[in-house]
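# What the coordinates show
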Amino acid sequence: MDVLDWSDPGAIGFLVWSGVGCILTFITIAIFYVKRESEIVKSSSRDLSMILHVGIVFGFLSPILFIMSPTDTLCQLRISISSVLDCLLLSVFLIKIYMVIKIFNRGKKGKTMTNLKIRLKRYRLLIVSMITGFQILIVVLAFFASPVKVVKDVTSSTKTTIVQCDTTLITFMWNDLFNLILIVVCFVFAFRARKMPHNYHEARFISVVMTFWIIIFLVSITTHLFTVGKLQPIIAIMFILILYTLILMMMFLPKCYLLIVAQSRQNSEPSPPKTVAVKGGHRNFATSSETLSRESGVQDCNSSHNDFSTHL
């Protein structure tokens, strides 16, 4: 049978890739936990970052579903779990980029941000849960409206039995149309944030992720509809691993670098003394570096935003 199994060299390579991705994700979780009181972690919204970490781990584990002989249940799980995981991550990206734009614009107008930050912190997990719950409802409806079945086809020339999931365009539309809308909305928000000050690295990283996500989404569906046999799961696994590797690299590896490498360099470098004039003479004080907090990706460039990273 023309199916992807555990002994296939491609499957082994994908499993190694998945394992490395999971290990790197757990390392970033450990770093974020150890440095949880740093400005970089606080400005990244610790609860949303943990949701992203969990989603990335399950994303790296999801290719296991594709390295098996397909059944009706397995075919349905493949598209359903991938759809729900994508929606979970997209809802987090949507909240993060919306928070950045909203607080930055409010700070530019000189308005107070205390009530806004409280509302965002209180409702952001609820919003993520509602968006993901809505996608789960869509997946359940898609199961009854357009279920995925296994089809077998014996080629006359090679006598090879092709076993694959009969995933049609209608099935993709049912399961991924809402995700496509979220991708477009996140991309529009990220595009609006492209001219923000250089301090807003996370907004730029999200825009890069959304750009590649749209490309991967469209290309993966197109190629999946026109491939047969074990090429279908191979292409699906490849795009899944590329996407989640990109998310991990763009959203967490730069912050881990700042938390470990840049911070250790700052701690090892002596701080130049700062002379402060006081009555009757001068006193020397050691200056404290604030470089890391300014490079955290969400902290603002003016004094009206200085307390933003502490409360997220």
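In what follows, the structure referred to is the one given above.
What counts and what doesn't
- Residues numbered from 1 in each chain as written.
- Predicted model: local features only at pLDDT ≥ 70, side-chain atom pairs only at ≥ 80, totals over all residues.
- Heavy atoms only, no water.
- Disulfide = S-S within 2.5 Å.
- Helix = DSSP H or I, 4+ residues; strand = E, 2+ residues; numbered from the N terminus.
- Patch = residues over 30% accessible without salt bridge, like charges linked within 9 Å, V, L, I, M, F, W, Y side chains within 5 Å.
- Areas by Shrake-Rupley, 256 points an atom, 1.4 Å probe, with all protein chains shown as cover.
- Salt bridge = Lys/Arg side-chain N within 4 Å of Asp/Glu carboxyl O.
- Buried < 20%, exposed > 50% of the residue type's maximum accessible area, 1.4 Å probe, protein only.
- Axes fitted to C-alpha atoms, helices over the stretch in contact; angles between N-to-C directions.
- Parallel < 35°, antiparallel > 145°, perpendicular 65-115°, else oblique.
- Left-handed = near helix turned anticlockwise from the far one by under 90°.
- Contact = heavy atoms within 4.5 Å.
- Nonpolar A, V, L, I, M, F, W, Y, C, P; charged D, E, K, R; others polar.
- Polar contact = N/O pair within 3.5 Å; in protein donor to acceptor, adjacent residues only side chain to side chain.
- Core = buried A, V, L, I, M, F, W, Y, C linked by side-chain atoms within 4.5 Å.
- Phe/Tyr/Trp six-rings, centres within 6.5 Å; stacked < 30°, edge-to-face > 60°.

In this section: the state of the cysteines. What we call a disulfide is simply a covalent bond connecting the sulfur atoms of a pair of cysteines. Following the criterion strictly, the structure yields 1 disulfide and no others. Each sulfur of the disulfide joining C75 and C165 lies 1.9 Å from the other. Taking the sign of the S-S torsion, about -80° here, the bridge from C75 to C165 comes out left-handed. Placement of C75 in helix α4 (residues 72-108) and of C165 in strand β2 (residues 161-166) is noted, with a sequence separation of 90 residues between them.

Moving on, we come to a nonpolar patch on the surface. A contiguous nonpolar surface patch, about 610 Å² in accessible area, is contributed by W6, M50, V54, F58, L61, I64 and M68. Along the polypeptide, M50 turns up in helix α3 (residues 46-61). Residue M50 is classed as partly exposed on the basis of its relative accessible area of 40%.

The contact between helix α1 (residues 9-34) and helix α8 (residues 231-251) brings their axes to 11 Å, and the two run at 20°. With respect to α8, the axis of α1 lies roughly parallel. In the packing of α1 onto α8, the handedness of the crossing is left-handed. On α8, the residues touching F14, W17, S18, G21, L24, T25 and T28 of α1 are I234, I237, M238, L241, I242, T245 and L248. In terms of residue class, the contact of α1 with α8 is built from 9 nonpolar, 5 polar and no charged.

Further remarks concern the side chain of S62. Mapping S62 onto the fold places it in the loop between α3 and α4. For S62, the side chain forms a polar contact with the main-chain oxygen of G59, separated by 2.6 Å.

This paragraph deals with the nonpolar core. Residues F93, I97, M210, W213 and I247 are the most contacted members of the largest nonpolar core, which totals 70 residues. The element best represented in this core is α4, accounting for 16 residues.

What follows concerns the packing of aromatic side chains. A full pass over the atoms with the stated rule returns 6 aromatic pairs. A centroid spacing of 6.3 Å and a plane angle of 45° characterise the contact between Y98 and F189, whose relative ring orientation is tilted. Of this pair, Y98 sits in helix α4 while F189 sits in helix α6 (residues 169-192), placing them 91 residues apart in sequence. Under the relative-accessibility criterion, Y98 is labelled partly exposed at 34%. Among the residues examined, F189 registers a relative accessible area of 19% and is labelled buried.

None of this, on its own, says anything about what the molecule does.
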